[in-house]
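Structural characterization, general
Here are the chains, one letter per residue:
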Amino acid sequence: PEGRSYASNNLGNYRGLAIHHTGVNPSLPTEEAAYRTHAYHLGLGWAGVGYHFLGSETDNQIAYVGDLETIRAHVWGRNQELIGLCLSGDYSVRPPSRALLERVNRFIVEFEAWLGRSLVIQGHRDWALPSHPTLCPGNGWYDDWGLLVE
């Protein structure tokens, strides 16, 4: 909505990265998923896409979609300390592809090198406050969680 914006943040405030899924199948190409997520979040009255990064196993890409120097809207009550990475698809009952897990791993390694420090990497549900529980990013993520940043 016009006049809305996300609050400023300092890169030094981030202590972790929250992994999300859109919860919608099939997985869409990254650009289309970013457009649809942005439109959906605007419809919720937000200032735009609530994540910093969005990716897809359809094209195995991860795109920068939200200014890192802003507090986005992806983990209620924890946004000031977390970077949001959302992946297009529903991983509630199936794991993401091995190629996507490898791509996410490469992204995390490269991002932490750029940031100059390590982050705590967890799923949305692991970061969620008890007052706002969620199943995101789906049980499928946890089947192969050990493949991330070993």
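Please refer to the structure higher up on the page.
The sections below set out a description of the structure shown in this document. Because the structure is predicted, anything quoted here is derived from the model rather than measured.

With that settled, the discussion passes to unusual backbone geometry. Negative phi characterises most residues that are not glycine, and trans characterises most peptide bonds. Put simply, Cys-136 and Pro-137 share a cis peptide bond, and its omega is 10°. When you line up the elements, Pro-137 lands in the loop between α3 (124-127) and α4 (139-143). A positive phi is found at Asn-60, a non-glycine position, where the angle reads about 55°. Within the element layout of this structure, Asn-60 appears in the loop between β2 (53-56) and β3 (61-64).

What follows is about the nonpolar core. Formed by 20 residues in total, the largest nonpolar core has its most connected members in Leu-85 and Val-104. Put simply, the parts of the chain that give this core at least two residues each are β1 (16-21), β4 (82-88) and α2 (98-115). The element that contributes the greatest number of residues to this core is α2, accounting for seven residues. Formed by six residues, the second largest nonpolar core is a distinct cluster that contains Ala-33, Val-49, Tyr-51 and Leu-54.

Its boundaries defined by the atoms lining it, the largest pocket holds a volume of some 260 Å³. Lining the largest pocket are 16 residues; nearest its centre among them are His-21, Thr-22, Tyr-40, His-41 and Tyr-51. Sorting the residues of the lining of the largest pocket by element identifies β1 and α1 (30-43) as the ones contributing at least two each. Counting residues per element, the lining of the largest pocket draws most heavily on α1, which supplies four residues.

Once that is clear, we can look at the pairing of strand β5 (residues 120-123). The alternating pattern of β5 places Ile-121 and Gly-123 on a buried face, while none of Val-120 and Gln-122, on the opposite face, is buried. With four bridges connecting them, β1 and β5 associate as parallel partners. Pairing of Gly-16 across the sheet is with Val-120, part of β5.

Rules and cut-offs
- Residues numbered from 1 in each chain as written.
- Predicted model: local features only at pLDDT ≥ 70, side-chain atom pairs only at ≥ 80, totals over all residues.
- Heavy atoms only, no water.
- Helix = DSSP H or I, 4+ residues; strand = E, 2+ residues; numbered from the N terminus.
- Core = buried A, V, L, I, M, F, W, Y, C linked by side-chain atoms within 4.5 Å.
- Buried < 20%, exposed > 50% of the residue type's maximum accessible area, 1.4 Å probe, protein only.
- 1 Å grid on protein atoms, 1.4 Å probe; cavity = no way out; pocket = protein on both sides within 12 Å on 5 of 7 lines; lining within 4 Å.
- Points joined across faces, edges and corners; volume = space filled by probe spheres on them.
- Pairing = 2+ DSSP bridges.

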